[in-house]
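Examining the three-dimensional arrangement
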Amino acid sequence: MPQAKKRIFFILFTSLLLCCKPYNSDEANHKLIQGKWMLVDADRDLFDSVNIDYDKQITYLVFNGDKCSQQMVDLNEISDYTFTIQDFDLNLYTDSVLNNTLHIDMLTADSLILSKGENSLWKYKKIAE
């Protein structure tokens with residue numbers, strides 16, 4: 001009888017391993033980030049002469065599939081990218097060349113916080129289209 005229990009346990013354990021898909025945070029974040037996000041707060045130290053007051057501009061990030069666009073409505077400026085997410089890093093590409101990498105500090109159904117280093121932080125809220 002102990003052999004039968006071992007066989008049943010082995011079959012159940014093997015089935016469990018083969019049937020369950022491991023959690024993939026990159027895939028989950030890719031699905032969760034889809035949609036339109038509005039910038040609600042920015043804390044950024046600039047290292048160049050460009051001075052954009054993100055708090056006074058209406059800025060959106062729009063994710064659709066593997067495409068991302070940054071829309072700065074008041075400046076009538078749109079920047080298009082492709083993106084990947086790997087280990088909580090949002091990698092933005094222009095013409096297949098890595099343009100920028102931002103860290104995903106938080107991503108929920110309605111909040112997105114991105115950072116770059118210690119001095120740059122962008123907070124977004126998901127909006128309905």
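Look a little higher up for the structure.
The following refers to the structure shown. (Residues numbered from 1 in each chain as written. Predicted model: local features only at pLDDT ≥ 70, side-chain atom pairs only at ≥ 80, totals over all residues. Heavy atoms only, no water.)

1. Some remarks on the overall build of the chain
The number of helices and strands found in the chain is 2 helices and 8 strands. In the chain, which comprises 129 residues, the share counted as buried stands at 30%. For the chain, the proportion of contacts with a sequence separation of at least 24, taken over those separated by at least 6, is 39%. When the accessible surface of the chain is split by element, carbon and sulfur atoms take 55% of a total near 9100 Å². (Helix = DSSP H or I, 4+ residues; strand = E, 2+ residues; numbered from the N terminus. Buried < 20%, exposed > 50% of the residue type's maximum accessible area, 1.4 Å probe, protein only. Contact = heavy atoms within 4.5 Å. Areas by Shrake-Rupley, 256 points an atom, 1.4 Å probe, with all protein chains shown as cover.)

2. Looking at the nonpolar core
A general feature of soluble globular proteins is that nonpolar side chains tend to end up buried together. In this structure, F63, L112 and L114 are the most contacted members of the largest nonpolar core, which totals 19 residues. Elements that contribute at least two residues to this core include exactly β1 (35–44), β2 (59–64), β4 (77–86), β5 (89–94), β6 (97–107), β7 (111–116) and β8 (120–127). Excluding its chain neighbours within four sequence positions, the residues that come into contact with F63 are I33, Q34, G35, W37, C68, F83, L90 and L112. (Core = buried A, V, L, I, M, F, W, Y, C linked by side-chain atoms within 4.5 Å.)

3. Looking at the packing of aromatic side chains
The full count for this structure, using the stated rule, is 1 aromatic pair. Centroid distance F63 to F83: 5.1 Å. Interplanar angle 80°. Geometry classified as edge-to-face. Note that F63 is positioned in strand β2 and F83 in strand β4, a separation of 20 residues in sequence. Over the face of the ring belonging to Y60 we find K36, whose NZ or CZ atom lies 4.3 Å from the ring centre. (Phe/Tyr/Trp six-rings, centres within 6.5 Å; stacked < 30°, edge-to-face > 60°. Lys NZ or Arg CZ within 6 Å of the ring centre and 35° of its normal.)

4. Focus: the pairing of β7
If a strand is regular, its side chains alternate between the two faces of the sheet. In terms of residue burial, β7 counts as a mostly covered element, since 5 of its 6 residues are buried. Bridge analysis of β6 against β7 gives 4 bridges, and the strand direction is antiparallel. Paired with L107 across the bridge in β7 is L112. Between the end of β6 and the start of β7, which pair antiparallel, lie 3 residues. Here 6 bridges tie β7 to β8, and the two strands are oriented antiparallel to one another. Bridging from a neighbouring strand, L112 pairs with Y124 of β8. What sits between β7 and β8 in their antiparallel hairpin is a turn of 3 residues, with G117 showing a positive phi close to 70°. (Pairing = 2+ DSSP bridges.)

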